[in-house]
Amino acid sequence: MAYSNSIIFGPIPSRRFGISLGVDLSPSSKQCNFDCLYCELEKAKTVDTMTSYPSVDEVIDTIKDSFEKHPNIDVITITANGEPTLYPKLDILIDEINRIKKDAKTMILSNGSTIYDKKIFNALLKLDTVKLSLDCVSEKCFKKLDRIHKGIDIDKMIESMIEFRKLTSNRFVLEILFVKTLNDKDEEIELLYDAVKKINPHRVDIGTIDRPPAYDVNPVDFETLEKVANTFEGVNVNIAYKNRPKQTNSYSEEEIKNLLKRRPLTQVDIKNMFDEESQKALEKLIEKGVISLIDSSGLNFYKIL
């Protein structure tokens, strides 16, 4: 089967990572060990292996072709019409991509389910950015929301994420997608926060459904995401929400320091929360060396020093 025309998508501009080249390791059909209620792909029976996939040579050749046409690619993003870590030759593929990537960075978007497979764990260590999902901590929620393939163990996933963060010298990001009446309950949010503290990722992206889902489920509102972000004290939390409301307020220097002690804020947060005078107060605190703007896996956060 010829895959070459469908393996690559992009390059497309990414606000966080520059020019991104997408690599789809399952271009012919959905092959995933999750069948998430919120998935934007069609419903599909879960699998634990890929049966149809391009060869390593095919993937590498298409990346090389893209580099010839688009020499200024900033990041190669490994993904799939399903779960990319089910690709049986992932370790070899990552080595080959690293060999030809030039100045580009590498990233993978994965549901995190295979992180406790040692071979995959070690392969992921060779990527510049690893972004894994963690929608639920309780087994009941995990099975109901992510509709997992039999045998996937959420406790082992979390344990391996903790270990991965300790060993990686690169960027590790978690993503949590919230669905109304499922993982937005207080007890689930507390479990997630406890897990996030133990995992200690460089950043957590939280969001909700913004495209038509495979099943009849609904998004949470912005206020819920804001509540989650405020619950995750001390964590670099990025709220990904289309058309987020702008509710600017006035803050003194002391109030700004207290806000940032609770949780670091992104530049988008500041733009949507701070009025003009408060933004000037923030700049003064930066000049005084009290606050710093730090890069966390491609996203800038204001933090107390």
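Please refer to the structure placed before this passage.
For clarity, every value in this text was computed on a predicted model and none was experimentally measured.

Quick notes on the rules
Residues numbered from 1 in each chain as written. Predicted model: local features only at pLDDT ≥ 70, side-chain atom pairs only at ≥ 80, totals over all residues. Heavy atoms only, no water. Phe/Tyr/Trp six-rings, centres within 6.5 Å; stacked < 30°, edge-to-face > 60°. Helix = DSSP H or I, 4+ residues; strand = E, 2+ residues; numbered from the N terminus. Buried < 20%, exposed > 50% of the residue type's maximum accessible area, 1.4 Å probe, protein only. Lys NZ or Arg CZ within 6 Å of the ring centre and 35° of its normal. Polar contact = N/O pair within 3.5 Å; in protein donor to acceptor, adjacent residues only side chain to side chain. Axes fitted to C-alpha atoms, helices over the stretch in contact; angles between N-to-C directions. Parallel < 35°, antiparallel > 145°, perpendicular 65-115°, else oblique. Left-handed = near helix turned anticlockwise from the far one by under 90°. Contact = heavy atoms within 4.5 Å. Nonpolar A, V, L, I, M, F, W, Y, C, P; charged D, E, K, R; others polar. Disulfide = S-S within 2.5 Å. Core = buried A, V, L, I, M, F, W, Y, C linked by side-chain atoms within 4.5 Å. Pairing = 2+ DSSP bridges. Salt bridge = Lys/Arg side-chain N within 4 Å of Asp/Glu carboxyl O.

> Sorry, what's going on with the packing of aromatic side chains here?
Following the criterion strictly, the structure yields 7 aromatic pairs and no others. Ring plane angle 20 degrees and centroid distance 5.4 Å describe the contact between Tyr 193 and Phe 232, whose orientation is recorded as stacked. Here Tyr 193 is found in helix H7 (residues 186–199), whereas its partner Phe 232 is found in the loop between helix H8 (222–231) and strand E8 (237–239), with 39 residues between them in sequence. In this structure, Tyr 193 and Phe 232 share a single accessibility class: buried. A connected cluster of aromatic rings, assembled from ring pairs, spans Phe 121, Phe 164 and Phe 172. The ring of Phe 121 has Lys 118 sitting right over it, with the charged end atom 4.2 Å from the ring centre.

> Sorry if this is basic, but what is going on with the environment of Lys 288 here?
Within the fold, Lys 288 resides in the loop between helix H11 (276–287) and strand E10 (291–295). The class for Lys 288 is exposed, based on a relative accessible area of 55%. Note: C-alpha distance between Lys 288 and Ser 28 (260 residues apart in sequence) is 56 Å. Only 3.0 Å separates the side chain of Lys 288 from the side chain of Glu 253, close enough to count as a polar contact.

> Looking at this model, I keep getting lost on the packing of helix H2 (residues 56–69) against helix H3 (residues 90–100). Mind explaining?
For any two helices packed against each other, the geometry comes down to the angle between their axes and how far apart the axes lie. Between H2 and H3, the shortest axis-to-axis distance is 10 Å and the interhelical angle comes to 25 degrees. Our classification of the angle between H2 and H3 gives roughly parallel. The crossing of H2 and H3 is right-handed. Of the residues in H3, those touching H2 at Val 56, Val 59, Ile 60, Ile 63 and Lys 64 are Ile 92, Leu 93, Glu 96, Ile 97 and Ile 100. A breakdown of the residues in the contact of H2 with H3 according to their chemical character gives 8 nonpolar, no polar and 2 charged.

> It is not clear to me how the state of the cysteines should be interpreted in this structure. Could you clarify?
Chemically, a disulfide is nothing more than a covalent bond linking the sulfur atoms of two cysteines. This structure, assessed with the given rule, holds 1 disulfide. With its sulfur 2.1 Å from that of its partner, Cys 136 forms a disulfide with Cys 141. The two residues Cys 136 and Cys 141 agree in class, both being buried. Free of any disulfide, Cys 32 has its nearest cysteine sulfur in Cys 36, 6.4 Å distant. When its relative accessible area of 10% is taken as the criterion, Cys 32 is described as buried. Free cysteine Cys 36: the closest other cysteine sulfur is in Cys 39, separated by 6.3 Å. Looking at Cys 36, the relative accessible area reads 9%, which means it is buried.

> It is not clear to me how the nonpolar core should be interpreted in this structure. Could you clarify?
The tendency in soluble globular proteins is for nonpolar side chains to be buried as a group. Ranked by size, the top nonpolar core spans 80 residues in total, and within it Leu 25, Ile 63, Leu 124, Leu 174, Phe 178, Ile 206 and Phe 232 carry the most contacts. The residues touching Phe 232, leaving out its near neighbours within four places in the chain, are Ile 176, Ile 189, Leu 192, Tyr 193, Val 196, Val 204, Val 237 and Arg 263. Grouped together as the second largest cluster of nonpolar side chains are 12 residues, Ile 256, Leu 260, Ile 291 and Tyr 302 included.

> What's the story with the sheet that holds E10 in this structure? I'm lost.
Strand pairs in the sheet, formed through backbone hydrogen bonds, run parallel or antiparallel to each other. The sheet built from 3 strands is open, its strands ordered E9-E11-E10 with antiparallel pairing. The open sheet has two edge strands, strand E9 (265–266) and E10, and neither has a second partner. Inspection of the sheet shows E10 paired to strand E11 (residues 300–304) by 5 bridges, in the antiparallel sense. Bridge pairing in E11 links Ile 294 to Phe 301. The strands touched by helix H9 (residues 253–262) within the sheet are E9, E10 and E11, with E11 carrying the most contacts at an inclination of about 110 degrees.

> Would you mind going over the sheet that holds strand E7 (residues 203–208) with me for this structure?
Read from one edge to the other, the open sheet built from 8 strands follows the order E1-E2-E3-E4-E5-E6-E7-E8, with strand pairing classed as mixed. Since the sheet does not close on itself, it has two edges, and those belong to strand E1 (8–14) and E8, each with one partner. Geometrically, the sheet is characterised by an average inter-axis angle of 20 degrees between neighbouring strands, direction not taken into account. By the bridge criterion, 5 bridges tie strand E2 (residues 18–24) to strand E3 (residues 75–79) in an arrangement that is parallel. Looking at the pairing, Leu 21 lines up with Ile 76 of E3.

> Looking at this model, I keep getting lost on the pattern of salt bridges. Mind explaining?
Side chains carrying opposite charge are able to pair once their charged atoms draw close together. Applying the stated rule across the entire model yields 21 salt bridges. The closest approach of N and O atoms between Glu 96 and Arg 99, which form a salt bridge, is 2.6 Å. Of this pair, Glu 96 and Arg 99 both sit in helix H3, 3 residues apart, which is roughly one turn of that helix. Between Lys 131 and Asp 205 there is a salt bridge, with the nearest N and O atoms lying 2.8 Å from each other.

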